[in-house]
Amino acid sequence: MGLLNFKRKDEATPVNPQVEGFLKDYSIEVMPRTAEKVDNFRDLLPEGTRVYIAHIEGTPIDEMVATAARLAKDGYKVMPHFPARIIKDSDTLADWIARYQGEAGVDQALLLAGGVAAPHGDYISSMQLLESGLFDKAGFKRLHVAGHPEGNKDIDPDGSMKNVDEALRWKQKFSETTDAEMALATQFCFEAKPVIAWADALKDAGIDLPIHIGVAGPAKLQTLIKFSIACGVGASLRVLQKRAKDVTKLVLPFEPTEFISDLAAHKAANPDFNITHVHFFPLGGIKTNANWAIEHGGASAIRASQV
């Protein structure tokens, strides 16, 4: 299969070349229930796009694997979540890995603790999943782990970055022992300046895992504020709060244009900047997010030979 030919909605609208470069090979997240509403992903996402499948507590593994198989069949690089706290034991973990591989050809995963207060079994962190050795044994080629540019109150209740940073140092050392490519996939943010400072601080600390920065796709302002509070997004939430004070903007969708443009400009000026990819959370809908990406030059199309 060759490149998909996407036509932008407004051919007269110029594309920022820095943004176009920064959006190259972006990824996007779906859930089985949202994927069911999409008749044909090929109408929205170019071939080769990496698609994460979020595993929310209560979602049967059958639905997760079926979604993975469908996306893989359509030519996408599938990356399912493995939330440690909803995995009962090593037998369950091994079964999930085997099913994803056998039924969908999956060879990459996002490992995370998962937002569950009481663990369902033996695991409480992504580090334990890595230590199990099951992903290496199964020959997974890529393993992503979570990054928290604004901290995580579940991990550091005091609001510091102590435990988060310690976990990152551990994951950095682990990355040096596995053949799998590793990267950090972060929670979504809205303001470039603190994100840049965080990424630079990681690099200065010797943590050189590539960063796939989380970006909230276009959505209603109220929707973004709701998800931001629920997910613990902190410092950059002020961008939304400031906009909320302007009643003329409340009815307009919030788009990530400024955030991505600022990061893209920094990347262009600093080619070694360790944020390498954009990862979209389509909070306003997959179609809305995909169309925004296409209109801003993020075709993310890859020839089959490169997948």
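Residues numbered from 1 in each chain as written. Predicted model: local features only at pLDDT ≥ 70, side-chain atom pairs only at ≥ 80, totals over all residues. Heavy atoms only, no water.

**Topic: the packing of helix α3 (residues 61-73) against helix α4 (residues 90-104)**
Note the threshold: Axis lines are fitted through C-alpha atoms, for helices just across the contact stretch, and the angle between N-to-C directions can take any value from 0 to 180 degrees. Secondary structure elements follow DSSP: runs of H or I of four or more residues count as helices, runs of E of two or more count as strands, with numbering from the N terminus. Whether a crossing is left-handed or right-handed is set by the direction in which the near helix is turned from the far one by less than a right angle, anticlockwise for left-handed and clockwise for right-handed. Two residues form a contact once any of their heavy atoms are found within 4.5 Å. Residue polarity follows a fixed list, in which Ala, Val, Leu, Ile, Met, Phe, Trp, Tyr, Cys and Pro are nonpolar, Asp, Glu, Lys and Arg are charged, and the others, Gly among them, are polar.
For the pair α3 and α4, the least separation of the axes is 9 Å and the interaxial angle reads 30°. The two elements α3 and α4 cross, and the hand of that crossing is right-handed. On α4, the residues touching I61, D62, M64, V65, A68, A69 and A72 of α3 are W96, R99, Y100, E103 and A104. Taken together, the residues that form the contact of α3 with α4 break down as nine nonpolar, no polar and three charged.

**Description of the packing of aromatic side chains**
This is how the line gets drawn: When two rings of Phe, Tyr or Trp (its six-membered ring) have centres within 6.5 Å they constitute a pair, described as stacked for plane angles under 30 degrees, edge-to-face for angles over 60, and tilted for the intermediate range. Here the term buried applies to any residue with accessible area under 20% of the maximum for its type, exposed to any over 50%, and partly exposed to those in between, with areas from a 1.4 Å probe on protein chains only.
Evaluation of the coordinates by the stated rule reveals ten aromatic pairs. Seen from their ring centres, F82 and F135 are 5.0 Å apart, and the 90° between their planes marks the pair as edge-to-face. With F82 in strand β3 (residues 77-83) and F135 in helix α6 (residues 134-137), the pair connects residues that are 53 residues apart, well separated along the chain. Exposure class is identical for F82 and F135. Each is buried. Their ring planes at 10° and their centres at 5.6 Å tell us that W170 and F174 sit as a pair that is stacked. In this pair, W170 and F174 are both assigned in helix α7 (residues 162-175), four residues apart and thus about one turn of the helix distant. Owing to a relative accessible area of 27%, W170 belongs among the partly exposed residues under this scheme.

**Considering the pairing of strand β7 (residues 211-216)**
Remember that side chains alternate between the two faces of the sheet whenever the strand is regular. Test applied: Note on pairing: two strands pair once DSSP finds at least 2 bridges between them. By convention, orient the strands away from the viewer: a clockwise path from the first strand over the helix to the second makes the crossover right-handed.
Burial analysis of β7 places six of its six residues in the buried class, which makes it a mostly covered element. Judged by which residues are buried, β7 turns out to be covered on both faces: I211, I213 and V215 on one side and H212, G214 and A216 on the other are all buried. Of the strand pairs in this sheet, strand β6 (residues 181-189) and β7 are connected by four bridges, and their pairing is parallel. Within the sheet, the bridge partner assigned to C189 lies in β7 and is V215. In this fold, β6 hands off to helix α8 (residues 192-204), which returns the chain to β7; that crossover is right-handed. One ladder, built from six bridges, connects β7 with strand β10 (residues 275-281); its direction is parallel. Of the residues in β10, the one forming a bridge with A216 is F281.

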